[in-house]
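# Descriptive analysis of the structure
So you can see what is in the structure, the chains are spelled out below.
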Amino acid sequence: MSDLKYCQGPECHTYFTQDRVKGPQGHKTNQTRRRSSLYYGNGNFCDMRCQNDWFRQYGTQAVNYFGRLTEAKHLTEHNAWTKDYDWRHGVGESHLYYFLNTITKERRPLTEAQYNDSNYTLNTGE
Ligand SMILES: [Zn+2]
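Every value quoted in this text rests on a predicted model; they were computed, and no experiment measured them.

### What about unusual backbone geometry?
- For Asn 42, which is not a glycine, the phi torsion comes out positive at approximately 55°.
- For Asn 42, the location among the structural elements is in the loop between strand 4 (34–35) and helix 1 (48–66).
- Accessibility expressed as a relative area gives 79% for Asn 42, which makes it exposed.
- In this model, Lys 105 sits at a positive phi of 70°, which is unusual for a non-glycine residue.
- As for its position among the elements, Lys 105 is in the loop between strand 6 (96–101) and strand 7 (107–109).

### Considerations on the coordination of the zinc ion
- The zinc ion binds to the protein through Cys 7 (SG), Cys 12 (SG), Cys 46 (SG) and Cys 50 (SG); the donor distances cover 2.2 to 2.3 Å.
- Note that the zinc ion binds four donor atoms; their angles at the metal cover 106 to 113°, and the shape is tetrahedral.
- Sequence positions of the donors to the zinc ion reduce to the motif C-x4-C-x33-C-x3-C. Of this pair, Cys 12 sits in the loop between strand 1 (5–6) and strand 2 (21–22) while Cys 46 sits in the loop between strand 4 and helix 1, placing them 34 residues apart in sequence.

### Points about the pattern of salt bridges
- For the structure shown, the criterion picks out six salt bridges.
- In this structure, the salt-bridge partner of Glu 106 is Arg 108, at a minimum N-O distance of 2.7 Å.
- The class of Glu 106 is partly exposed, set by a relative accessible area of 34%.
- Given the relative accessible area of 36%, Arg 108 is considered partly exposed.

### What to know about the nonpolar core
- Cys 7, Cys 12, Tyr 15, Leu 38, Phe 45, Cys 46 and Cys 50 form the largest nonpolar core, which has seven residues in total.
- For Cys 7, the contacting residues outside a window of four places in its chain are Cys 12, Thr 32, Arg 33, Leu 38, Asn 44, Phe 45, Cys 46 and Cys 50.

### A few points about the packing of aromatic side chains
- Taken as a whole, this structure holds eight aromatic pairs when the rule is applied.
- Ring centres of Tyr 85 and Tyr 115 lie 5.6 Å apart, and the angle between their planes is 85°; this geometry places the pair in the edge-to-face category. You can see Tyr 85 sitting in strand 5 (residues 81–86) and its partner Tyr 115 sitting in helix 2 (residues 112–116), a full 30 residues away along the chain.
- Judged by relative accessible area, Tyr 85 falls into the partly exposed class, the value being 30%.
- The ring of Tyr 15 has Arg 49 sitting right over it, with the charged end atom 3.5 Å from the ring centre.
- Over the ring of Tyr 98 we find Arg 107, and its NZ or CZ is 3.8 Å from the ring centre.

### Section: the environment of Leu 75
- Relative to the assigned elements, Leu 75 resides in the loop between helix 1 and strand 5.
- Apart from residues no more than four positions distant in its own chain, Leu 75 is found in contact with Ala 80, Thr 102 and Ile 103.

Quick notes on the rules
- Residues numbered from 1 in each chain as written.
- Predicted model: local features only at pLDDT ≥ 70, side-chain atom pairs only at ≥ 80, totals over all residues.
- Heavy atoms only, no water.
- Helix = DSSP H or I, 4+ residues; strand = E, 2+ residues; numbered from the N terminus.
- Buried < 20%, exposed > 50% of the residue type's maximum accessible area, 1.4 Å probe, protein only.
- Donors = N, O, S within 2.8 Å, 3.2 Å for Na, K, Ca; no water.
- Tetrahedral: all angles 85-135°; square planar, octahedral: opposite > 155°, others 65-115°.
- Salt bridge = Lys/Arg side-chain N within 4 Å of Asp/Glu carboxyl O.
- Core = buried A, V, L, I, M, F, W, Y, C linked by side-chain atoms within 4.5 Å.
- Contact = heavy atoms within 4.5 Å.
- Phe/Tyr/Trp six-rings, centres within 6.5 Å; stacked < 30°, edge-to-face > 60°.
- Lys NZ or Arg CZ within 6 Å of the ring centre and 35° of its normal.

What follows is the structure, given as structure tokens:
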């Protein structure tokens, strides 16, 4: 248990649950949750409430910092590739993975590794 992470929720310590009560006998306090794995917000929050609290407090700053959208994006055949698969349930069969262009309806085969690689795309524009 050497790699515990704190929930990043700014109000986490204010919610009353038994697992937040920590410290030596007689000096226990309600504390920010700390766990080896957090399952919300890319592993940064203990629950949806803490994730929402963070966004309420910092979301606008974050959007401004990382770049606010100031004009509409357009879906074209150059950025309409999505990944999908057909379920195969036979013994030893793997699913049939493919790219699907949601504009042209063209399909191109994918390997399972390409399907799972979030950086692998055919999209060439925004
Ligand atoms: Zn929390």
